[in-house]
Amino acid sequence: CEWLMIDSTVVRAHQHSAGARAGQGAQAFGRSRGGFSGKIHLMVDALGYPMHFIITGGESADCTQAPALLKQCEQAVQAVIADKGYDSNTVREGVMQQANEAVIPSKSNRKETIPHDKLLYAARHLVENTIGKLKHNRRLATRYDKTVSSFAAFVNLAWIKMYLVN
């Protein structure tokens, strides 16, 4: 756990997956231009193995879920690596409480750019590779489950498969 990498991916929902009794918000569905979708926010370790995830509606911003993801890691880490979607002052402050360094590039609209370690940022491909491996499962690439609990269970099964194969 020397580095943590966080990212998210949008999962399109199949047309028959909507309609559970608790409602769209409770089942982590969001409405966007493309229709119903959900989002998997995930945190991986320095080797690219998944550690924790959160499922939200597809319209939720990445930076809103970063504090909840970072709370799941109890130990101090050297760096937290994330993309520009996590560039906010609150995320950076939360990272600095837990890690020595926040490796997050600045957005283009930030008045004062904050430098980041570009060599360490190059390791962020591990979280992208993990997302790609997860989406090899058809049931994760397109969400068929009505409830967030059954979808989360399948995400856990896919992660177990990743651990066993590697």
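Here the structure is shown first, and the text comes after it.
In what follows, the accompanying structure is described. (Residues numbered from 1 in each chain as written. Predicted model: local features only at pLDDT ≥ 70, side-chain atom pairs only at ≥ 80, totals over all residues. Heavy atoms only, no water.)

With respect to helix 6 (residues 148–165)
Thought 1: Between its first and last C-alpha atoms helix 6 spans 26 Å; for 18 residues at 1.5 Å apiece the expected length is 26 Å, and the two agree.
Thought 2: The set of residues buried in helix 6 consists of Phe 151, Ala 152, Phe 154, Val 155, Ala 158, Trp 159 and Met 162. For helix 6, the angular spread of the buried residues around the axis is 160°, confining them to a single face. In helix 6, the exposed positions that point more than 90 degrees away from the buried face belong to Ser 149, Leu 157 and Leu 164. (Helix = DSSP H or I, 4+ residues; strand = E, 2+ residues; numbered from the N terminus. Expected span 1.5 Å × (residues − 1). Buried < 20%, exposed > 50% of the residue type's maximum accessible area, 1.4 Å probe, protein only. Arc of directions from axis to C-beta.)

Examining the pattern of salt bridges
Thought 1: All told, the structure shown has six salt bridges when counted by the stated rule.
Thought 2: For the salt bridge of Arg 124 with Asp 7, the shortest nitrogen-to-oxygen distance reads 3.1 Å. With a gap of 117 residues between them, Arg 124 in the loop between helix 3 (118–121) and helix 4 (125–134) and Asp 7 in strand 1 (residues 3–13) connect regions that are remote in the sequence.
Thought 3: Residue Arg 124 is classed as buried on the basis of its relative accessible area of 12%.
Thought 4: Between Asp 62 and Lys 39 there is a salt bridge, with its nearest N and O atoms 3.2 Å apart. Of the two residues, Asp 62 sits in helix 1 (residues 62–71) while Lys 39 sits in strand 3 (residues 35–44), which places them 23 residues apart along the sequence. The exposure classification of Asp 62 matches that of Lys 39, with both residues buried.
Thought 5: One connected set of salt bridges, linked through shared partners, spans Asp 7, Arg 124 and Glu 128. (Salt bridge = Lys/Arg side-chain N within 4 Å of Asp/Glu carboxyl O.)

Here we look at the nonpolar core
Thought 1: Counting 23 residues, the largest nonpolar core has Leu 42 and Phe 53 as its most contacted members.
Thought 2: Going through the elements one at a time, strand 1, strand 3, strand 4 (50–57), strand 5 (77–81), helix 4 and helix 6 are the ones with two or more residues in this core.
Thought 3: It is helix 6 that provides the largest number of residues to this core, a total of seven residues.
Thought 4: For Leu 42, the contacting residues outside a window of four places in its chain are Met 5, Ile 6, Asp 7, His 52, Phe 53, Leu 69, Val 127, Thr 130, Ile 131, Leu 134 and Trp 159.
Thought 5: One finds Met 43, Val 77, Ala 102 and Ile 104 within the second-largest nonpolar core, a separate group that totals 17 residues. (Core = buried A, V, L, I, M, F, W, Y, C linked by side-chain atoms within 4.5 Å. Contact = heavy atoms within 4.5 Å.)

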